[in-house]
Amino acid sequence: MNKSQRQRIIVFVGHPIEQDLSECENLGKRLKRNNVAIDVVNFAHPDNVPKLEALVQCANNSDNSHFMDVPIGVAMITDVLITSPI
């Protein structure tokens, strides 16, 4: 087993999030404490952006976690993904 590999979670969100901001922050802190990176892609739900950004900011350790929001009306999602660090 390669000892230099790190745990990473990639999340694709396509529905509204029911949890509040503090629950997202607590989850991010637990991920950071366990040294787990997270990449989040949000599809066309602008209400999720503050919650998901808080999650990623709390989980971020040395710029290992990223957030990307795909706005409504984007035809080619690959164009948005190519320009992101994800």
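Before going into details, it helps to say that this report is about the structure given with it. Nothing here was measured: the structure is a model prediction, and the numbers come from that model. (Residues numbered from 1 in each chain as written. Predicted model: local features only at pLDDT ≥ 70, side-chain atom pairs only at ≥ 80, totals over all residues. Heavy atoms only, no water.)

1. Digging into the overall build of the protein
Part 1 of the argument: Per the secondary structure count, the protein includes 3 helices and 3 strands.
Part 2 of the argument: Sequence-ordered secondary structure for the protein, helices as α and strands as β, is β-α-β-α-β-α.
Part 3 of the argument: With the C-alpha coordinates aligned to their principal axes, the bounding extent of the protein is approximately 40 × 30 × 20 Å.
Part 4 of the argument: Counted over contacts in the protein with a minimum sequence separation of 6, partners at least 24 positions apart contribute 73%.
Part 5 of the argument: Put simply, the protein shows about 5900 Å² of open surface, and 53% of that area lies on carbon and sulfur atoms. (Helix = DSSP H or I, 4+ residues; strand = E, 2+ residues; numbered from the N terminus. Contact = heavy atoms within 4.5 Å. Areas by Shrake-Rupley, 256 points an atom, 1.4 Å probe, with all protein chains shown as cover.)

2. Observations concerning the environment of Asn 61
Part 1 of the argument: For Asn 61, the location among the structural elements is in the loop between helix 2 (49-59) and strand 3 (66-70).
Part 2 of the argument: A relative accessible area of 31% places Asn 61 in the partly exposed class.
Part 3 of the argument: C-alpha of Asn 61 to C-alpha of Leu 31: the two residues are 30 residues apart in sequence and 9.8 Å apart in space.
Part 4 of the argument: Contacts of Asn 61, omitting those with residues within four sequence positions, involve Lys 32 and Asn 35. (Buried < 20%, exposed > 50% of the residue type's maximum accessible area, 1.4 Å probe, protein only.)

3. What about helix 1 (residues 21-33)?
Part 1 of the argument: In a regular helix each residue adds 1.5 Å, so 13 residues correspond to 18 Å; helix 1 covers 19 Å between its end C-alpha atoms and thus fits that length.
Part 2 of the argument: Count one or two residues on from helix 1 and you reach Asn 35, which has phi positive near 60 degrees. (Expected span 1.5 Å × (residues − 1).)

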